[in-house]
Amino acid sequence: MSEVESNLNSQHKISSHTTESFAWQKSELTALPKNPTCLPQIEKKLIDSSETYKYLIIGGGPAGLQLAYFLNKAGQNYVLLEAGERAGSFFETFPRHKKLISINKVYTGYKEREARLRSDWHSLLCDDNEMFFGQYSRRYFPKAEDYVKYLQDYAEYFELNIHYGARVNNISKTENFTVKTESGKTYFCEYLIVATGVSLPYIPNIPGIELTENYFDCSINPDDYINQRVLILGKGNSSFETANHLSETARAIHVCSPNSVKLAWNTHYVGHLRAVNNEFLDTYQLKGQNAILDAYIQKIEHKNGEFVVHLTFSHAQGQKAILLYDRVIVCTGFRFDDSIFETTCQP
Ligand SMILES: Cc1cc2nc3c(=O)[nH]c(=O)nc-3n(C[C@H](O)[C@H](O)[C@H](O)COP(=O)(O)OP(=O)(O)OC[C@H]3O[C@@H](n4cnc5c(N)ncnc54)[C@H](O)[C@@H]3O)c2cc1C
């Protein structure tokens, strides 16, 4: 039996089933001194069908899965709670237009895994040379759905101890952490690792912003935009991904934020506009009806079925303008959701 198999088997015994977790709790119970002040608390946990682990990870994206793999391998007592029904569920929805902008270069000429990983931005670390993302796609910019498949297979293959459909909505701390899920289940743990990514849209404080649509849930059917004038707020990858997607059907697209575009090939920061998303720049520079505006939006109104947008240019001595659009889509980025923490453990 390989080292990995042996680790997997021993881990499986420890933590993959609720009943076995109970067995673990009970052995802790027997090991405890007969202290009347702590016994009722532990008995209460058993009655509530709560579960206790040494390590608890929240979030089954690449970060959470990677840590779960190493805890599993080390034979640790852990659980991972994932809100979705599958691992990697972020990539089921994002990027909205379904093409990843991370690189998957399969044919590198290198045999060594370490060397291959330089141009493989998707594979998680593991001891199994067959479990790499190149087995799922050869595309340089792969489909998001292929990554979801890979992450799910990774979780299953290594028998990671994941509870799906477990959205955490409250975390508090006394000596240890208490973690509650929306479905009413309680977990206790000594070490808590939050790997929930950035799950909330960042909404800029602009009067009238509530009238607009958001990258999170706007239509991704180009036909819904035929002959429309569209304003996209933000100049990151999600804005340009959206603009590219609509450029065949929308009549005119303006992409707007106070600062000028930062190109990733120039700044060497992958969060700036990637070349794979910047087709739209051509439509602007080569005299389409599209434009990139460096401007502050002062307010957005909705009158007679159209959006009236008041803006002040960042250049041109702060010149002001009022522009009309059929749709305004906010693509201003994401932020971490810290609403799950009680004040006892607010990061
Ligand atoms: C629009 C957009 C496009 C992107 N495109 C790419 C790309 O093409 N390629 C790339 O490599 N990276 C891309 N990224 C970056 C990528 O999303 C992150 O680097 C990566 O997902 C981070 O992994 P993670 O495990 O930290 O978080 P995530 O992948 O976001 O995973 C977090 C997990 O936590 C779960 N979760 C959240 N809250 C709770 C809760 N309260 N309880 C239980 N579970 C919870 C979620 O369901 C999710 O499965 C993109 C990011 C954005 C915002």
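Worth saying up front: this structure is predicted, and the values here are computed from it rather than measured.

Basis of the calculations
Residues numbered from 1 in each chain as written. Predicted model: local features only at pLDDT ≥ 70, side-chain atom pairs only at ≥ 80, totals over all residues. Heavy atoms only, no water. Phe/Tyr/Trp six-rings, centres within 6.5 Å; stacked < 30°, edge-to-face > 60°. Buried < 20%, exposed > 50% of the residue type's maximum accessible area, 1.4 Å probe, protein only. Helix = DSSP H or I, 4+ residues; strand = E, 2+ residues; numbered from the N terminus. Lys NZ or Arg CZ within 6 Å of the ring centre and 35° of its normal. 1 Å grid on protein atoms, 1.4 Å probe; cavity = no way out; pocket = protein on both sides within 12 Å on 5 of 7 lines; lining within 4 Å. Points joined across faces, edges and corners; volume = space filled by probe spheres on them. Nonpolar A, V, L, I, M, F, W, Y, C, P; charged D, E, K, R; others polar. Polar contact = N/O pair within 3.5 Å; in protein donor to acceptor, adjacent residues only side chain to side chain. Contact = heavy atoms within 4.5 Å. Pairing = 2+ DSSP bridges. Right-handed = clockwise from strand over helix to strand, strands pointing away. Patch = residues over 30% accessible without salt bridge, like charges linked within 9 Å, V, L, I, M, F, W, Y side chains within 5 Å. Areas by Shrake-Rupley, 256 points an atom, 1.4 Å probe, with all protein chains shown as cover. Salt bridge = Lys/Arg side-chain N within 4 Å of Asp/Glu carboxyl O. Near = heavy atom within 4 Å.

K.L.:
Is there a simple way to think about the packing of aromatic side chains in this case?
P.N.:
A ring pair, where both rings are aromatic, is described by two values, the distance of the centres and the angle of the planes. Applying the stated criterion across every chain yields a total of 24 aromatic pairs. An angle of 85 degrees between the planes, with centres 4.9 Å apart, marks the rings of Tyr157 and Phe158 as edge-to-face. We classify Tyr157 as partly exposed; its relative accessible area is 44%. Phe158 sits in the buried class, given a relative accessible area of 2%. Here the aromatic rings of Tyr215 and Phe334 are separated by 6.2 Å at their centres, their planes lie at 90 degrees, and the arrangement is edge-to-face. With Tyr215 in the loop between strand 8 (213-214) and strand 9 (229-233) and Phe334 in strand 15 (residues 334-335), the pair connects residues that are 119 residues apart, well separated along the chain. Taking the relative accessible area as the measure of exposure, Tyr215 reaches 4% and is therefore buried. Its end group placed over the ring of Phe177, Lys173 keeps NZ or CZ at 5.3 Å from the ring centre. Its end group placed over the ring of Tyr225, Arg327 keeps NZ or CZ at 4.2 Å from the ring centre.

K.L.:
For this particular structure, what's the right way to read empty space enclosed by the protein?
P.N.:
Remark: the empty space left among the atoms is shown by a probe the size of a water molecule rolled over them. Counted by the stated rule, this structure contains four cavities of 30 Å³ or more. Taken as a whole, the largest cavity spans an internal volume of roughly 90 Å³. Considering the residues around the largest cavity, the lining is formed by Asn104, Lys105, Val106, Arg113, Arg116, Leu117, Asp120, Phe132 and Gly134. Its residues assigned to classes, the lining of the largest cavity shows three nonpolar, two polar and four charged.

K.L.:
Honestly, the side chain of Asn290 in this entry has me stumped. Any pointers?
P.N.:
When you line up the elements, Asn290 lands in the loop between helix 10 (279-285) and strand 11 (291-303). Engagement of the side chain of Asn290 in a polar contact is seen with the side chain of Thr283, the distance being 2.8 Å. Excluding its chain neighbours within four sequence positions, the residues that come into contact with Asn290 are Ala252, Ile253, His254, Phe280, Thr283 and Tyr284.

K.L.:
What's the story with the pairing of strand 2 (residues 78-81) in this structure? I'm lost.
P.N.:
Residues Tyr78 and Leu80 of strand 2 are buried on one face, and the alternating residues Val79 and Leu81, pointing to the opposite face, are buried as well. Bridge count for strand 1 (residues 51-58) against strand 2 is four bridges, and the pairing is parallel. Along strand 2, the bridge assignment pairs Leu56 with Val79. Crossover connection from strand 1 via helix 4 (residues 62-73) to parallel strand 2: handedness right-handed. Relative to strand 3 (residues 162-163), strand 2 runs parallel, the two being bridged by two bridges. Across the sheet, the residue bridging to Leu81 is His163, located in strand 3.

K.L.:
So what exactly am I meant to see when it comes to unusual backbone geometry here?
P.N.:
Note: most peptide bonds trans; most residues except glycine with negative phi. The peptide bond linking Phe94 to Pro95 adopts the cis configuration, its omega dihedral lying at -10 degrees. Residue Glu159 is not a glycine yet carries a positive backbone phi of 50 degrees. On the secondary structure map, Glu159 appears in the loop between helix 7 (144-157) and strand 3. Residue class for Glu159 comes out partly exposed when judged on its relative accessible area of 40%.

K.L.:
It is not clear to me how a nonpolar patch on the surface should be interpreted in this structure. Could you clarify?
P.N.:
A grouping of Trp121, Tyr269 and Val270 is seen on the molecular surface, where their side chains present a nonpolar patch of about 310 Å² in accessible area. Summarising the element assignment, Tyr269 is placed in the loop between helix 9 (264-267) and helix 10. In this structure Tyr269 comes out as partly exposed when scored by relative accessible area, which is 47%.

K.L.:
Please explain the site of the ligand as it appears in this structure.
P.N.:
Taken together, 24 residues lie near the ligand, and Ala63, Glu82, Ile101, Ser102 and Val168 sit nearest. Take Glu82: an N or O atom from its side chain is 2.7 Å from an oxygen atom of the ligand. Between Ser89 and the ligand, the recorded distance is 3.2 Å, taken from a side-chain N or O atom to an oxygen atom. About the coverage of the ligand: the protein hides 78% of its 990 Å² of free accessible area. Of all elements in the fold, only helix 4 and helix 5 (90-93) reach the threshold of two or more residues within the shell around the ligand. When the residues that make up the shell around the ligand are grouped by side-chain class, the tally is 15 nonpolar, seven polar and two charged.

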